[in-house]
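Fold and contact review
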Amino acid sequence: MRETPVPVVPMALSGLWGSMFSRKDGPAGSKLPRRFRARLRLTIGEAVPAAEVSAALLETRVRALLAENAAAKAR
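Residues numbered from 1 in each chain as written. Predicted model: local features only at pLDDT ≥ 70, side-chain atom pairs only at ≥ 80, totals over all residues. Heavy atoms only, no water.

For the protein, the helix and strand inventory stands at one helix and two strands. In the protein, which comprises 75 residues, the share counted as buried stands at 13%. Excluding contacts between residues fewer than 6 apart, the proportion of contacts in the protein whose partners are at least 24 apart in sequence is 65%. Of the roughly 6100 Å² that the protein leaves accessible, carbon and sulfur atoms contribute 59%. (Helix = DSSP H or I, 4+ residues; strand = E, 2+ residues; numbered from the N terminus. Buried < 20%, exposed > 50% of the residue type's maximum accessible area, 1.4 Å probe, protein only. Contact = heavy atoms within 4.5 Å. Areas by Shrake-Rupley, 256 points an atom, 1.4 Å probe, with all protein chains shown as cover.)

And the structure:
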């Protein structure tokens, strides 16, 4: 960001916990998946201008996107 300031697009990926790619029951990829197709959800937020980017802001935005994913799953 210091050398090339560009807008950052926050994204949240959910639905991986318990899949063959998670480490829930051991090393990733070492077990058969519990379900054949996992329901993954990728939520993309609004771009954050380079001048406003900070780790704290991005964490807040991603947590909000994850909460949005959880709410959508509950419906």
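This brings us to a nonpolar patch on the surface. Side chains of V9, M11, L13, L16, L40, L42 and I44 sit close together on the surface and give an oily, nonpolar patch of about 620 Å² of accessible area. Listed by contribution, the elements that provide at least two residues to the nonpolar patch are β1 (11–14) and β2 (41–44). Turning to its location among the elements, V9 is positioned in the segment before β1. (Patch = residues over 30% accessible without salt bridge, like charges linked within 9 Å, V, L, I, M, F, W, Y side chains within 5 Å. Salt bridge = Lys/Arg side-chain N within 4 Å of Asp/Glu carboxyl O.)

Attention now goes to the pattern of salt bridges. On inspection of all chains with the given rule, the structure shows one salt bridge. Close ionic contact of R63 with E59 constitutes a salt bridge, the shortest N to O distance being 2.9 Å. One end of the pair, R63, and the other, E59, are both in helix α1 (residues 55–74), four residues apart, so they sit about a helical turn from each other.

This part takes up the environment of R61. Within the secondary structure layout, R61 lies in helix α1. Taking the C-alpha atoms as reference points, R61 and M11, separated by 50 residues in sequence, lie 8.5 Å from one another. Contact partners of R61, with chain neighbours within four places excluded, come to P10, E46 and V48.

For T43, the location among the structural elements is in strand β2. Judged by relative accessible area, which is 8%, T43 ranks as buried. Here the alpha-carbon distance between T43 and L66, two residues 23 residues apart in the chain, equals 7.8 Å. The contacts of T43, once residues within four sequence positions are left out, are P10, M11, A12, L65, E68 and N69.

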